[in-house]
Amino acid sequence: MSSKNTMTRDAMLFLPAKIAEGLLVIACSSLYTHLFYQSTVGTFNFINFNVQIAYLILAGWMANAATRYVGEEFQHDQGRGLFSTVSTVYLLICAAVAVFCCTAAAVTGDRLYLGFLTMFCSYTVFQILNSALIQLGRMKASISLSLLSAVLKLAVAYVLVYGMDNPASPFPAIAANTVADGLAGLGAIAALGLPAIVRLRWFSRALFGRFLKYGLPLMGVSISVTLLNQIDKYLVVGFFNMDVYGIYSSNNSIAAGLFTMISVGIMRGVYPAVLRAWREGGQTAAKPLLDQGVRLYLLIAAPAVAGLTAVSLPMSRFLFAEGYEAGAPVIAYTALAMLFMGLTEYANKAYELEQSTVQVLQNSAAAAVIKVLSSIVLLRVLGFTGGALGSVVAFASYFVITCVRVRRRFLFRLAPASVLRILLSALLCGAAAYGCTLLPVGNLVRLVLAVPAGALVYAVCIIVSGEGRAELQAIRHRLHR
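Nothing here was measured: the structure is a model prediction, and the numbers come from that model.

### Comments concerning the environment of Phe384
Reasoning step 1: The topology assignment puts Phe384 in the loop between α12 (358–382) and α13 (386–406).
Reasoning step 2: Judged by relative accessible area, Phe384 falls into the buried class, the value being 17%.
Reasoning step 3: Linking Phe384 and Lys233, residues 151 residues apart in sequence, is a C-alpha distance of 9.4 Å.
Reasoning step 4: Contact partners of Phe384, with chain neighbours within four places excluded, come to Val236, Phe240, Val244, Ile247, Tyr248, Ala326, Gly327, Val330 and Leu379.

Have a look at this one:
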């Protein structure tokens, strides 16, 4: 089987599991709005995304570097030097965060700093090791542990809240996330065999130097991308209050969670193949695979945007407690913003493959400035939903800026006819789904009808046009094995 077909097959197999994980994340967000007060939901969501920000800034550089080099290092010594180095740095980062959080908790008397600490340590270890599992081809372990984490976040919170007298506290949700990611992290440690190969004496200064050279520019990228992803949330909190933020962040989590899983699901099938091709044949071998990966992403992401936009209002009404439907437009805006963000990640691969990340920092910093300015203006004009529209402006700008600059190296290319077929099919998908939302029935029935109607229309359009031929062949090949 060709590299393209193999890559497509891996992505198509990984994607359903990641979408299932995304649906569990959405179910978790839905449950929290019914279990907790709006201000409590806002508080937990605020802590949760600050954990993600801290991860991107403090540990993301190391995670990216480890993912970049784990394949070749594993061939060298079964990853002994790499994982010993990563483990040492991880423990130092957690120790620094622990000092800060314990000091802040003692000074302010706010125990939420301790909740932040436990969530950060468990989230970080699983994110780093899960990326290593995927790069090493341990797909079954990665999928199983990711799904375990998502299920536990739902189940543990439910059990804890119904055993407590104070559901206004965010600590049940904090405990659920800590336990879920912590157990998944322990599973990843076992799957990688780290107890047998991690020793402090095997810490590699040379490898740590490579990490710094590759990863430190990505620290600035992480800060800029964090502003791109999250500054609207800080602004919503600043302009309004935690109740409004609870509505905003819950609706935002639907599109953000689903699109993150789509992007990750496809990228984790695509990037290992692209990286192997780059090592073996350089740009000539890697670029066709990157082109195919982008087409596959657009094939899945475009109808997702159209579908989420079409059903945003009944979905918000069905999933969340009363009052949260005011944030339904946030679902549509966030979906479109995430589409551009995903495309930009593929455009950035030229920089990453050539280990030149300074330009990524420059591009993301420029887009972050656009995000801040546009979000402030739109929040004042449109209210809290303007924050999500500011994300659309920023991510679209980021994509354009990156494409213009990266063309000097190489940029993915899609056949215009292919793009047109995908976009027209996605529009028809959205139209079919939206038509079902106008039926004089309840929100659940509308969703039950809209989702398969949109999916069926899209599938027919893609099959009839011949655009999905490679994906169908990959699925058939897998089923016949």
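Read on for the rest.
### Side note on the packing of helix α14 (residues 416–437) against helix α15 (residues 443–465)
Reasoning step 1: Their axes nearest at 8 Å, the elements α14 and α15 cross at an angle of 155°. In terms of their interaxial angle, α14 and α15 are classed as roughly antiparallel. The way α14 lies across α15 gives a crossing that is right-handed. Residues Arg421, Ile422, Ser425, Ala426, Leu428, Cys429, Ala432, Ala433, Cys436 and Thr437 of α14 touch α15, and the partners they reach there are Arg446, Leu449, Ala450, Ala453, Gly454, Val457, Tyr458, Cys461, Ile462 and Ser465.

### Re the packing of helix α4 (residues 112–135) against helix α5 (residues 139–161)
Reasoning step 1: At a minimum axis distance of 8 Å, the contact between α4 and α5 shows a crossing angle of 150°. Classified by the angle between their axes, α4 and α5 sit roughly antiparallel to one another. The interaxial crossing formed by α4 with α5 has left-handed handedness. Contacts from Phe126, Asn130, Leu133 and Ile134 of α4 reach α5 at Met139, Ala141, Ser142, Leu145, Ser146 and Ser149.

### Let's talk about the packing of aromatic side chains
Reasoning step 1: Tallied over the entire structure, the rule returns 11 aromatic pairs.
Reasoning step 2: Between the aromatic rings of Phe240 and Phe384, the centroid separation amounts to 6.5 Å while the plane-to-plane angle is 85°, which identifies the pairing as edge-to-face. Taken together, the positions of Phe240 in the loop between α8 (205–239) and α9 (242–319) and Phe384 in the loop between α12 and α13 put the pair 144 residues apart, joining distant regions of the chain.
Reasoning step 3: On the basis of an interplanar angle of 40° and a centroid distance of 5.7 Å, the ring pair of Phe320 and Tyr324 is categorised as tilted.
Reasoning step 4: Its relative accessible area of 1% is what places Tyr324 among the buried residues.
Reasoning step 5: Every member of this aromatic cluster is reached through a ring pair, and the members are Phe239, Phe240, Tyr248 and Phe384.
Reasoning step 6: Arg111 extends its terminal NZ or CZ atom over the ring of Phe171, reaching a point 4.7 Å from the ring centre.

About the cut-offs
- Residues numbered from 1 in each chain as written.
- Predicted model: local features only at pLDDT ≥ 70, side-chain atom pairs only at ≥ 80, totals over all residues.
- Heavy atoms only, no water.
- Helix = DSSP H or I, 4+ residues; strand = E, 2+ residues; numbered from the N terminus.
- Buried < 20%, exposed > 50% of the residue type's maximum accessible area, 1.4 Å probe, protein only.
- Contact = heavy atoms within 4.5 Å.
- Axes fitted to C-alpha atoms, helices over the stretch in contact; angles between N-to-C directions.
- Parallel < 35°, antiparallel > 145°, perpendicular 65-115°, else oblique.
- Left-handed = near helix turned anticlockwise from the far one by under 90°.
- Phe/Tyr/Trp six-rings, centres within 6.5 Å; stacked < 30°, edge-to-face > 60°.
- Lys NZ or Arg CZ within 6 Å of the ring centre and 35° of its normal.

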